[in-house]
Amino acid sequence: MSKIKSILFSQPVKFLKGGAVLKVFSFGLNYILADYLGLNKEFAYVFVLIADFLLGFLINRYFIFKKTEKSEKDLKVFRNFIIAGLGFRGLNWVIYICILKYFELYILVAQLIATLIVLVLKYSVYKKIFK
């Protein structure tokens with residue numbers, strides 16, 4: 001395998017690619033709920049984070065960390081993912097709300113900043129959960 005190909009298919013790069021797909025989905029959903037439908041921004045973002053979380057589990061399990069076989073550890077992996085994911089979504093939501101409140105940025109810019117802040121921590125924790 002070439003050096004470039006091995007980099008493109010490494011776990012960190014797959015994590016970024018999977019996250020990019022997930023973020024296109026969540027940014028689109030946030031835009032539709034908050035801007036297009038006019039729902040409360042804070043409430044809409046909670047729904048976005050829940051949808052992002054559920055889809056994120058599937059992407060991490062089957063695409064990034066390639067855990068396709070069933071095992072007795074599946075329940076523990078899912079439990080740990082839920083605990084970590086709730087913490088990350090809570091942190092993301094707090095950062096998002098603070099950015100909106102103190103910097104008065106557009107919702108998608110606030111979402112991008114909050115997502116980038118949490119990104120590195122998420123990868124290192126999810127790598128441990130899915131190994």
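Now for a quick tour of the structure. The structure presented is a predicted model; accordingly, all values stated were derived computationally and were not measured.

1. Re the nonpolar core
By size, the foremost hydrophobic cluster in this structure holds 34 residues, and its most contacted members are Phe-65, Phe-81, Tyr-96, Ile-107, Tyr-126, Ile-129 and Phe-130. Contributing elements (two or more residues each) for this core: α2 (11-36), α3 (41-64), α4 (74-103) and α5 (107-130). In contact with Phe-81, other than residues within four places in its own chain, are Phe-53, Gly-56, Phe-57, Asn-60, Tyr-126, Ile-129 and Phe-130.

2. Focus on the packing of α4 against α5
Working note: a packed helix pair is described by the angle between its axes plus the distance between those axes. At a minimum axis separation of 9 Å, α4 and α5 run at an interaxial angle of 160 degrees. Taken together, the axes of α4 and α5 are roughly antiparallel relative to one another. The two elements α4 and α5 cross, and the hand of that crossing is right-handed.

3. So, the pattern of salt bridges
Going through the model one piece at a time under the given rule, you end up with two salt bridges. Between Asp-52 and Lys-23 there is a salt bridge, and its shortest N-O distance comes to 2.9 Å. Taken together, the positions of Asp-52 in helix α3 and Lys-23 in helix α2 put the pair 29 residues apart, joining distant regions of the chain. Just as Asp-52 is buried, Lys-23 falls in that class too. Ionic pairing is found between Arg-89 and Asp-52, a salt bridge with its closest N-O pair at 2.8 Å. Residue Arg-89 is located in helix α4, and its partner Asp-52 is located in helix α3; the two are separated by 37 residues in the primary sequence. Each member of the pair, Arg-89 as well as Asp-52, is classed as buried.

4. Comments concerning empty space enclosed by the protein
Over the atoms, a rolled probe matching the size of one water molecule traces out where space is still vacant. Within this structure, the stated rule accounts for one cavity of 30 Å³ or more. When its volume is computed, the largest cavity comes out at roughly 40 Å³. Forming the walls of the largest cavity are Lys-23, Leu-49, Asp-52, Phe-88, Arg-89, Asn-92, Val-118 and Lys-122. Secondary structure elements with two or more residues in the lining of the largest cavity: α3, α4 and α5. Classifying every residue of the lining of the largest cavity gives three nonpolar, one polar and four charged.

Conventions and cut-offs
Residues numbered from 1 in each chain as written. Predicted model: local features only at pLDDT ≥ 70, side-chain atom pairs only at ≥ 80, totals over all residues. Heavy atoms only, no water. Core = buried A, V, L, I, M, F, W, Y, C linked by side-chain atoms within 4.5 Å. Buried < 20%, exposed > 50% of the residue type's maximum accessible area, 1.4 Å probe, protein only. Helix = DSSP H or I, 4+ residues; strand = E, 2+ residues; numbered from the N terminus. Contact = heavy atoms within 4.5 Å. Axes fitted to C-alpha atoms, helices over the stretch in contact; angles between N-to-C directions. Parallel < 35°, antiparallel > 145°, perpendicular 65-115°, else oblique. Left-handed = near helix turned anticlockwise from the far one by under 90°. Salt bridge = Lys/Arg side-chain N within 4 Å of Asp/Glu carboxyl O. 1 Å grid on protein atoms, 1.4 Å probe; cavity = no way out; pocket = protein on both sides within 12 Å on 5 of 7 lines; lining within 4 Å. Points joined across faces, edges and corners; volume = space filled by probe spheres on them. Nonpolar A, V, L, I, M, F, W, Y, C, P; charged D, E, K, R; others polar.

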